[in-house]
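# Structural overview
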Amino acid sequence: MLTPERHQLILQRLAKQGTVNIQDLVRLTKSSESTIRRDLSELESLDKLVRVHGGAATKQSISQELSFPEKTTKNHQEKLKIARYAAGFVNEEEYIYLDAGTTTFEMIPFLKEKGVTVVTNGLTHLDALSKYQIPTYLTGGYVKHKTKALIGHGAQSGLNKYRFDKCFLGVNGIDLAYGLTTPDPEEARIKQLSLRLSQECFVLADQSKFNQVSFSKIAELEDSQIITTEVDEHILSPYQNKTNIKVV
């Protein structure tokens with residue numbers, strides 16, 4: 001099979017699935033693993049995709065934003081690993097902020113024995129926090145139905161009443177030049193504020209978020225620590241020079 005034909009098949013599969021792994025592409029194109037790795041590198045250099053550990057992911061639009069249910073089913077096992085690991089950084093009786101994200105949501109069961117107090121802008125978090133009887137404060141604010149997040153002036157005003165030992169945030173993009181980003185400026189402001197109000201900040205992000213850029217900047221890379229799953233070394237290495245990355 002000629003190179004342009006393989007590239008076309010790879011991009012078609014990516015458009016359909018969002019992510020692909022190398023072994024699937026080997027079977028699809030009847031090519032060697034080394035050929036597929038070379039194809040992925042070439043397509044990444046053309047800005048057609050993003051290399052991730054074991055495969056590739058789509059290069060998302062800077063305005064792309066999935067709903068909370070859509071995010072929940074995407075890379076769920078990776079999010080669970082990250083959440084369990086992130087909860088290990090929470091000490092007994094700390095005051096923490098949990099962002100309205102799907103990976104931060106997965107942290108909640110791992111916090112039940114820690115005696116922590118949680119502040120959140122995530123409406124989806126409330127049932128789980130109540131189930132485990134974790135003391136919880138809600139920021140207040142305007143309800144963004146797509147992501148089930150509380151945003152706007154009311155959320156900022158409510159958040160300003162608190163100070164945190166640690167905050168845990170989700171992001172849509174992690175990029176060497178543009179830092180941490182998310183599609184919505186209103187959500188970006190809430191994330192920025194929670195970061196400023198915390199002694200430590202942890203960004204929870206699976207491998208698909210690297211080399212991605214969204215519309216609204218949250219912070220520079222060095223403003224937080226990043227917890228992620230395994231990422232190809234050639235992708236991860238430049239980031240390790242700018243921030244503290246913890247790989248699950």
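Higher on the page you've got the structure.
What comes next concerns the included structure.

What counts as what
Residues numbered from 1 in each chain as written. Predicted model: local features only at pLDDT ≥ 70, side-chain atom pairs only at ≥ 80, totals over all residues. Heavy atoms only, no water. Salt bridge = Lys/Arg side-chain N within 4 Å of Asp/Glu carboxyl O. Helix = DSSP H or I, 4+ residues; strand = E, 2+ residues; numbered from the N terminus. Buried < 20%, exposed > 50% of the residue type's maximum accessible area, 1.4 Å probe, protein only. Expected span 1.5 Å × (residues − 1). Polar contact = N/O pair within 3.5 Å; in protein donor to acceptor, adjacent residues only side chain to side chain. Contact = heavy atoms within 4.5 Å. Axes fitted to C-alpha atoms, helices over the stretch in contact; angles between N-to-C directions. Parallel < 35°, antiparallel > 145°, perpendicular 65-115°, else oblique. Nonpolar A, V, L, I, M, F, W, Y, C, P; charged D, E, K, R; others polar. Core = buried A, V, L, I, M, F, W, Y, C linked by side-chain atoms within 4.5 Å.

When charged atoms on two side chains of opposite charge get close, those side chains can pair. For the coordinates displayed, the defined rule picks out ten salt bridges. For the salt bridge of Asp99 with Lys191, the shortest nitrogen-to-oxygen distance reads 2.5 Å. Of this pair, Asp99 sits in the loop between β4 (95-98) and α6 (102-107) while Lys191 sits in helix α9 (residues 185-196); the two residues are 92 residues apart in sequence, bridging distant segments of the chain. Assigned by exposure class, Asp99 and Lys191 land together as buried. Ionic pairing is found between Glu187 and Lys144, a salt bridge with its closest N-O pair at 2.9 Å.

This part takes up unusual backbone geometry. One non-glycine residue, Gln133, lies in positive phi territory at about 55 degrees. Its location among the elements puts Gln133 in the loop between α7 (125-131) and β6 (136-138). Its relative accessible area of 69% is what places Gln133 among the exposed residues. Backbone geometry at Asn211 places phi at a positive 65 degrees, although glycine is not the residue there. When you line up the elements, Asn211 lands in the loop between β12 (198-204) and β13 (216-219).

On to α9. The terminal C-alpha atoms of α9 lie 16 Å apart, and with twelve residues this matches the ideal 16 Å at 1.5 Å per residue to within 8%. Turning to α9, its buried residues are Glu187, Ala188, Ile190, Lys191, Leu193, Ser194 and Leu195.

Here the focus is the side chain of Arg6. Relative to the elements of secondary structure, Arg6 occurs in helix α1 (residues 3-17). Here Arg6 falls in the buried class, since its relative accessible area comes to 7%. Looking at Arg6, its side chain comes within polar contact range of the side chain of Asp39, at 2.6 Å. Not counting the four nearest positions on each side in its chain, Arg6 is found in contact with Met1, Thr29, Ser31, Thr35 and Asp39.

It is worth spelling out the packing of α1 against helix α3 (residues 33-45) at this point. α3 packs onto α1 with a crossing angle of 75 degrees between their chain directions and a minimal axis gap of 11 Å. One finds that α1 runs roughly perpendicular with respect to α3. Only Thr35, Asp39, Leu40, Glu42 and Leu43 of α3 make contact with α1, whose side of the interface consists of Thr3, Arg6, His7, Ile10 and Leu11. Here the contact of α1 with α3 is built from residues that sort into four nonpolar, three polar and three charged.

Looking now at the nonpolar core. In globular proteins that are soluble, nonpolar side chains generally tend to be buried together. Ranked by size, the top nonpolar core spans 28 residues in total, and within it Tyr97, Leu159, Ile174, Leu180 and Phe210 carry the most contacts. Looking at this core, the elements that each hand over two or more residues are α8 (152-159), β9 (164-170), α9, β12, β13 and α10 (233-240). The biggest single contributor to this core is α9, with four residues. Not counting residues up to four positions away in its chain, the partners in contact with Tyr97 are Val119, Thr120, Asn121, Thr139, Leu159, Phe164, Lys166, Cys167, Phe168, Leu169, Ile190 and Ser194. Of all hydrophobic cores here, the second largest spans 19 residues; its members include Ala86, Leu111, Val116 and Phe168.

Turning our eyes to something else, we now look at the environment of His7. Mapped onto the fold, His7 is located in helix α1. The class of His7 is buried, set by a relative accessible area of 13%. Sequence separation between His7 and Ile218 is 211 residues, and the spatial gap between their C-alpha atoms is 34 Å. The contacts of His7, once residues within four sequence positions are left out, are Asp39, Glu42 and Leu43. Reaching out from His7, the side chain makes a polar contact with the side chain of Asp39 at a distance of 3.3 Å.

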